[in-house]
Amino acid sequence: MANSLKTFAIRALWALKIPYLPEVFRAVVKGPYTVDFPFGETVDTGAYRGAAVWDEDVCIGCGACAEVCPADAIAMEDDIESSPPMRRFKLRYDKCIFCGHCHYNCPPEDGIYQTTNWDLATYDRAESYTTVEKELLLCDRCGGVVGAKDHIKWVAKRLGPKAYANPGLALTVEGGLVSAPQPAGTAEGRANIMRVLCPHCRRVVVFEEIT
Ligand code: SF4
Ligand code: SF4
């Protein structure tokens, strides 16, 4: 009987929210924990994983961020019809999960980075995105995509003297990214060696040269 009375008393206290009364008094005196978002002032701890943005001057257009994004939030499109041909990236914040993998896997490290901007609310999710674009380098032989020009330059710079082992990169090191002019009617093979070629055409040209 004594135990049941005790249990009843405890349940009654909880039902009346009496244990919460100290919190109620604290909130009355100091104000609530919550903020009046979006009207009141919010607290920026500086430790948010917020919106990722591109640094156009650092990004080399390699596409690694689009490859590794687990949420498929970054789209990459090569437009070889535009003048000049361009590689375009679009990051949709309504798909982004703010994991930071795009930043962690960016070869030049800060081509894309996360800001602390977390306030991305919008009435139209189609407007919630950011973009960057890079000029493309096309194959002299087939017109296919070799890569973004800044990417090729970045690779050549990283390789240093070793870049001369690849004719396309050697042209890059020499400031060109422009093929040696070929006389009309030049046959495939040796005459095509010093040209900017995609990997497929490079194989074909080298094969023709050695056979
Ligand atoms: S350089 Fe970095 S940000 Fe630019 S495309 Fe490559 S991975 Fe993405
Ligand atoms: S933060 Fe994560 S989800 Fe968002 S774009 Fe980068 S890789 Fe994709």
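Sequence positions are assigned chain by chain, starting from 1 and proceeding in written order. Chain letters and ligand numbers both follow the written order, the letters beginning at A and the numbers at 1. It should be noted that, the model being predicted, local features are given only for residues of pLDDT at least 70 and side-chain atom pairs only at 80 or more, the latter also being counted only at that level, while totals for whole chains, interfaces and linings use all residues.

### Some points on the site of ligand 1
Stage number 1. The environment of ligand 1 is made up of 13 residues, and the closest members are Cys59, Cys62, Cys65, Cys106 and Gly111.
Stage number 2. Only Asp, Glu, Lys and Arg are considered charged, only Ala, Val, Leu, Ile, Met, Phe, Trp, Tyr, Cys and Pro nonpolar, and every remaining residue, Gly among them, polar. Class assignment of the residues belonging to the shell around ligand 1 gives a composition of 10 nonpolar, three polar and no charged. Note on definitions: a residue is near a molecule or strand provided its C-beta atom, placed from the backbone, lies within 6 Å of it.

### A word on the sheet that holds strand S3 (residues 86-92)
Stage number 1. One bridge is not enough; two strands pair if DSSP finds at least two bridges between them. In this description a helix means any DSSP run of H or I spanning at least four residues, a strand means any run of E spanning at least two, and both kinds are numbered starting from the N terminus. As summarised here, the arrangement of the four strands in space is S2-S3-S5-S6, forming an open sheet in which the pairing is antiparallel. The open sheet has two edge strands with one neighbour each: strand S2 (74-79) and strand S6 (145-148). In this sheet, adjacent strand axes meet at a mean angle of 30 degrees when their direction is disregarded.
Stage number 2. Two elements, S2 and S3, share six bridges in a ladder whose sense is antiparallel. From the neighbouring strand, alanine 75 faces S3, where its bridge partner is lysine 90.
Stage number 3. By the criterion used throughout, residues are in contact when their C-beta atoms, derived from the backbone, lie within 7 Å. Axis definition: a line fitted to C-alpha atoms, over the contacting stretch in the case of helices. Angles run 0 to 180 degrees between N-to-C directions. Contacts between helix H5 (residues 149-159) and the sheet are confined to strand S5 (129-138) and S6, with S6 contributing the most and set at about 75 degrees to the helix.

### Observations regarding H5
Stage number 1. Residues Lys149, Asp150, His151, Ile152 and Ala156 constitute the buried set of H5.
Stage number 2. Tucked inside the fold, the buried residues of H5 contact S5, S6 and helix H6 (167-173).
Stage number 3. Residue glycine 160 follows H5 closely and has a positive phi angle near 65 degrees. Partly exposed residues are those falling between the two cut-offs: more than 12 but fewer than 20 other C-beta atoms within 10 Å of their own, whereas 20 or more means buried and 12 or fewer means exposed, with C-beta atoms placed from the backbone.

### With respect to helix H2 (residues 21-30)
Stage number 1. Counting buried residues along H2, only zero of its 10 residues qualify, which leaves the element largely exposed.
Stage number 2. Note on H2: the residue one or two positions beyond its end, glycine 31, has a positive phi of about 95 degrees.

### As for the nonpolar core
Stage number 1. Counting 28 residues, the largest nonpolar core has Cys65, Ile74, Leu91, Cys102 and Ile112 as the members making the most contacts within it.
Stage number 2. Elements with a minimum of two residues in this core: strand S1 (52-54), S3, S5, S6, H5, H6 and helix H7 (199-210).
Stage number 3. In contact with isoleucine 74, other than residues within four places in its own chain, are Cys65, Ala66, Cys69, Phe89, Leu91 and Cys102. As used here, a nonpolar core is made of buried Ala, Val, Leu, Ile, Met, Phe, Trp, Tyr and Cys residues. They are joined through C-beta atoms within 7 Å.

### Topic: the site of ligand 2
Stage number 1. Around ligand 2, the surrounding shell holds 13 residues, and the nearest of these are Cys69, Ala71, Cys96, Cys99 and Cys102.
Stage number 2. In the shell around ligand 2, the residues fall into 11 nonpolar, two polar and no charged.

### Details of the pairing of S5
Stage number 1. In terms of strand pairing, S3 meets S5 through seven bridges, oriented antiparallel. Within the sheet, the bridge partner assigned to phenylalanine 89 lies in S5 and is valine 132.
Stage number 2. Relative to S6, S5 runs antiparallel, the two being bridged by three bridges. If you follow leucine 137 over to S6, its bridge partner there is glycine 147.
Stage number 3. With antiparallel pairing between neighbouring strands as the criterion, S5 and S6 make up a hairpin whose turn holds six residues, including glycine 143 at a positive phi of roughly 80 degrees.

### Quick look at unusual backbone geometry
Stage number 1. Cis geometry is adopted by the peptide bond preceding proline 84, which originates at serine 83 and carries an omega value of 0 degrees.
Stage number 2. Relative to the helices and strands, proline 84 is located in the loop between S2 and S3.
Stage number 3. With phi around 55 degrees, aspartate 72 is a residue other than glycine that occupies positive phi space.
Stage number 4. Its place among the elements puts aspartate 72 in the loop between helix H3 (64-68) and S2.

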